[in-house]
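Spelled out from the first residue to the last, the chains are:
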Amino acid sequence: MRILRFLRSSVSIGKDIDYYSKFSPSPLSMKQFLDFGSENACEKTSFTFLRQELPVRLANIMKEINLLPDNLLRTPSVRLVQGWYMQSLQEILEFKDKNAGDEKVTYEFTDAVIKIRDRHNDVIPTMAQGVVEYKENHGTDPVVSQNVQYFLDRFYMSRISIRMLLNQHTLLFGGKVKVNPAHPKQIGSIDPNCRVSEIIRDAYENARNLCDRYYVNSPELILEEFKVNPITVVYVPSHLYHMVFELFKNAMRATMELYGDAMEYPPIHAQVALGTEDLTVKVSDRGGGVPLRKIDRLFTYTYSTAPRPSVDGARAAPLAGYGHGLPISRLYARYFQGDLKLYSLEGYGTDAVIYIRALSTESIERLPVYNKSAWKHYKTIHEADDWCVPSKEPKDMTTFRSF
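Computed from a predicted structure; not experimentally measured.

Visitor: I keep staring at the pairing of strand β4 (residues 268–274) and nothing clicks. Help me out?
Guide: The side chains of a regular strand alternate, residue by residue, between the two faces of the sheet. For strand β2 (residues 221–226) and β4, the ladder comprises six bridges, and the chain directions are parallel. If you follow Glu225 over to β4, its bridge partner there is Val272. As paired strands, β4 and strand β5 (residues 278–285) are joined by six bridges and run antiparallel to one another. Looking at the pairing, Val272 lines up with Val281 of β5.

Structure follows, in structure tokens:
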């Protein structure tokens, strides 16, 4: 009987995924988030929007999960993530026809949103573990690697966007205290006057604490702001912190491992500039740089220069991880139409540059859509390169065939 109920539930949720994946997500701008979260914030309006939008965003990315290689889908970690997404979709759909004017309904919805947010806390490490399990058991080929990279970029971007919606709702309506005493000027998770230098210093100090614990020393920080002091921007402080913290970790690790047991280390430079279109943050180190051929590899989810952490995390190196740090940081930058780029001078050091839109009206969510173009990406057979690929070994001219 229980198996029958499960099968019926699976068929039903499959139909719901098919239905909601036919709609495109509705991207919001930073200004729309701010306007909605101001003093006129209405829980009923938020409830009405989220019960329509969350199923669309969940269903779009769930359709893509099913296009992954079968052996990857069968890994326990990926199956666990799939189960979380199916359960969350079912819980949101329970409110599809409920009365938005009923306070009890909106209270129950907010409670459900909090549970969904907490359920998805470990999505990134769990999915990362699934990719590792797949690689260890089945290896990888270029086509699979390319498809997994394409999927994870879209999957994690979708997660960032869903989490943004969940956080805004729970922070605005999920507690008895409507103003966060720790951040009284924030509107949900957004700070209308985010002081960039404060976030940078905070991220540096926390990265430095990790570096001191692991290497018993750390490089100093030199921070400069150009044109305006202090520079502020409408942004999500936790997103900026995530990006800068990751860049500081990488810069410190490179510097410490290059200079070893030296008494002094070259400082890390951070520069912030505000223009008419972009706010730019540059983090520069003298950690020896990276060869050009490895730059793209640094944004690959399956690549890391550090030992992979153990599953329980007990023996994990504090400045390293699954290789997800840089690619996910780039997604945070791209989420509101910015970017993160690396420029390296091998033998000297690396510049990492974060670009953020200066205007809240231009900071619009970048969301994946499941459509024929996305489907084709997974199904297209990648043909041979139409450029010569140089051999890694010198050609033996004595055996070279002449025509």
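Visitor: Which parts of the structure should I look at to understand the packing of helix α3 (residues 43–65) against helix α5 (residues 76–93)?
Guide: A pair of packed helices is characterised by two quantities: the angle between their axes and the separation of those axes. With their axes 10 Å apart at the nearest point, α3 and α5 run at an angle of 155° to one another. Between α3 and α5, the angle is such that the two are roughly antiparallel. Considering the relative orientation of α3 and α5, their crossing is left-handed. Listed contacts from α5 to Leu50, Arg51, Leu54, Pro55, Leu58, Ile61, Met62 and Ile65 of α3 are Gln82, Tyr85, Met86, Ser88, Leu89, Ile92 and Leu93. Residues of the contact of α3 with α5, tallied by class, amount to twelve nonpolar, two polar and one charged.

Visitor: Which parts of the structure should I look at to understand the sheet that holds strand β7 (residues 349–357)?
Guide: Strand-to-strand pairing in sheets goes through backbone hydrogen bonds, with the strands running parallel or antiparallel. In space, the five strands of this open sheet follow the order β2-β4-β5-β7-β6, with mixed pairing throughout. At either end of the open sheet lies a strand with only one pairing partner, and these are β2 and β6 (339–345). Within this sheet the neighbouring strands show an average axis-to-axis angle of 15°, counted without direction. Note: β6 against β7, seven bridges, orientation antiparallel. Its bridge partner lying in β7, Asp339 is registered against Tyr355. Of the strands in this sheet, β2, β4 and β5 are in contact with helix α9 (residues 196–215), which crosses β2 at around 170°. Docked against the sheet, helix α12 (residues 325–335) engages β6 and β7, running at close to 130° with respect to β6.

Visitor: What is the right way to look at helix α10 (residues 237–259) in this model?
Guide: Count 3.6 residues to each turn of an α-helix, and residues three or four apart come out pointing the same way. Across its 23 residues, α10 extends 32 Å between first and last C-alpha, which sits within 8% of the 33 Å expected from 1.5 Å per residue. At the C-terminal side of α10, Gly260 shows a positive phi close to 55°.

Visitor: Just to check I follow, could you spell out the packing of α3 against helix α6 (residues 103–119) for this structure?
Guide: Interhelical geometry of α3 versus α6 gives an angle of 55° and a closest axis separation of 10 Å. By the criterion of interaxial angle, the relationship of α3 to α6 is oblique. The two elements α3 and α6 meet at a crossing, and its hand is left-handed. Note on element contacts: α6 touches α3 through Val105, Thr106, Tyr107, Phe109 and Thr110, opposite Glu43, Phe47, Leu50 and Arg51.

Visitor: How should the environment of Ile356 be read in this particular structure?
Guide: With respect to the helices, strands and loops of the structure, Ile356 is situated in strand β7. Accessibility expressed as a relative area gives 2% for Ile356, which makes it buried. Residues Ile356 and Leu274 lie 82 residues apart in sequence; the distance between their C-alpha atoms is 9.5 Å. Contact partners of Ile356, with chain neighbours within four places excluded, come to Val233, Tyr235, Leu240, Glu277, Asp278 and Leu279.

Rules used in this analysis
- Residues numbered from 1 in each chain as written.
- Predicted model: local features only at pLDDT ≥ 70, side-chain atom pairs only at ≥ 80, totals over all residues.
- Heavy atoms only, no water.
- Pairing = 2+ DSSP bridges.
- Helix = DSSP H or I, 4+ residues; strand = E, 2+ residues; numbered from the N terminus.
- Axes fitted to C-alpha atoms, helices over the stretch in contact; angles between N-to-C directions.
- Parallel < 35°, antiparallel > 145°, perpendicular 65-115°, else oblique.
- Left-handed = near helix turned anticlockwise from the far one by under 90°.
- Contact = heavy atoms within 4.5 Å.
- Nonpolar A, V, L, I, M, F, W, Y, C, P; charged D, E, K, R; others polar.
- Expected span 1.5 Å × (residues − 1).
- Buried < 20%, exposed > 50% of the residue type's maximum accessible area, 1.4 Å probe, protein only.

Keep in mind these numbers describe shape, not what the thing actually does.
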